[in-house]
Amino acid sequence: MRRKRSKQTCNSSLRILQAQVLASSASLEQLTASVSSMTTFVNQTRNDVNVLQNEFTALSATNQDIREQFIARIGTTINIETPAGSVTGLLIAVGDDYLEILETSGSIAIVRIAKINSFS
């Protein structure tokens, strides 16, 4: 009788362990899928950041070239076209991302370089 009870206890314990192993396997599969999904997301984000860095570098170089053109024209009369209208006057200063133009009225206009459509 003791042997039968011991065998039943072992079989019962074995079934419990098998159920726990199956549950653990399912959890492991879910975790593996989550890690795979996160890895894909991180790789895509890394690619997006690289693209943005390259675009920023290209824009910075372009902005620096335009800025140098304005620096060469300090002290000259300039006409700037922006979405808000045109500004004409003496270019008196060039900042990192803006121009200062002394208008004929005596006012100083500050124009963001990024907003310039054209100039002459």
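Refer to the structure presented above.
Worth saying up front: this structure is predicted, and the values here are computed from it rather than measured.

Trainee: How should the environment of Ile 74 be read in this particular structure?
Mentor: With respect to the helices, strands and loops of the structure, Ile 74 is situated in the loop between helix 1 (2-72) and strand 1 (77-82). For Ile 74 and Ile 92, which are 18 residues apart along the polypeptide, the C-alpha to C-alpha distance reads 5.6 Å. In contact with Ile 74, other than residues within four places in its own chain, are Leu 91, Ile 92 and Val 94.

Trainee: What exactly am I supposed to notice about the pattern of salt bridges here?
Mentor: Side chains bearing opposite charge may pair, as long as their charged atoms lie close to each other. Per the counting criterion, the structure on display carries one salt bridge. Arg 67 is paired through a salt bridge with Asp 96; the nearest N and O atoms lie 3.9 Å apart. Taken together, the residues span a long stretch of sequence, with Arg 67 in helix 1 and Asp 96 in the loop between strand 2 (85-94) and strand 3 (98-103) at a distance of 29 residues. A relative accessible area of 15% means that Arg 67 is categorised as buried.

Trainee: Teacher, can you tell me more about the nonpolar core here?
Mentor: Looking at soluble globular proteins, one finds that nonpolar side chains tend to be buried together. By size, the foremost hydrophobic cluster in this structure holds twelve residues: Phe 70, Ile 78, Ile 80, Val 87, Leu 91, Val 94, Leu 99, Ile 101, Ala 109, Val 111, Ile 113 and Ile 116. In terms of residue count, the dominant contributor to this core is strand 2 (three residues). Once residues lying within four places of it in the same chain are set aside, the contact partners of Phe 70 are Ile 78, Ile 80, Leu 91, Val 94, Leu 99, Ile 116 and Phe 119.

Trainee: Explain a nonpolar patch on the surface here, please?
Mentor: A contiguous nonpolar patch, built from Leu 90, Ile 92, Leu 102, Ile 108 and Ile 110 and spanning about 410 Å² of accessible area, is present on the exposed surface. Of all elements in the fold, only strand 2 and strand 4 (108-112) reach the threshold of two or more residues within the nonpolar patch. Note on placement: Leu 102 falls in strand 3. By relative accessible area, which is 31% here, Leu 102 ends up partly exposed.

Trainee: I would appreciate a short explanation of the sheet that holds strand 3 in the present structure.
Mentor: Two strands in a sheet stick together by hydrogen bonds in their backbones, pointing the same way (parallel) or opposite ways (antiparallel). Within the open sheet, the five strands sit side by side as 4-3-2-1-5. Their pairing is antiparallel. Of all the strands in the sheet, just strand 4 and strand 5 (118-119) have a single pairing partner and so form its edges. Two elements, strand 1 and strand 5, share two bridges in a ladder whose sense is antiparallel. Residue pairing across strands places Ile 80 opposite Phe 119, the latter belonging to strand 5.

Trainee: What is the right way to look at the environment of Ala 84 in this model?
Mentor: The residue Ala 84 is located in the loop between strand 1 and strand 2 in this model. When the C-alpha atoms of Ala 84 and Ser 6 are compared, they prove to be 90 Å apart, with 78 residues separating the residues in sequence.

About the thresholds
- Here, residues in each chain are numbered from 1, in the same order as that chain's written sequence.
- Predicted model: local features are reported for residues with pLDDT of at least 70 only, side-chain atom pairs are reported and counted for 80 or more only, and whole-chain, interface and lining totals are derived from all residues.
- Excluded from the side-chain calculation are hydrogens and water; included are all heavy atoms of the structure.
- Secondary structure elements are defined from DSSP: runs of H or I of at least 4 residues count as helices, runs of E of at least 2 residues count as strands, and each element is numbered from the N terminus.
- Here, two residues are considered to be in contact whenever any of their heavy atoms come within 4.5 Å of each other.
- Salt bridge, as used here, is a side-chain nitrogen of Lys or Arg placed within 4 Å of a carboxyl oxygen of Asp or Glu.
- Only protein chains enter the area calculation, which uses a 1.4 Å probe; residues under 20% of their type maximum are buried, those over 50% are exposed, and those in between are partly exposed.
- Joining through side-chain atoms within 4.5 Å is the link that ties buried Ala, Val, Leu, Ile, Met, Phe, Trp, Tyr and Cys residues into a set, and such a set is a nonpolar core.
- Patch members must show over 30% relative accessible area and no salt bridge, and they are joined within 9 Å when carrying like charges or within 5 Å when they are nonpolar side chains of Val, Leu, Ile, Met, Phe, Trp or Tyr.
- Note on areas: these come from Shrake-Rupley sampling with a 1.4 Å probe, and a residue is covered only by the protein chains present in the view.
- Pairing between two strands is assigned when DSSP locates at least 2 bridges connecting them.

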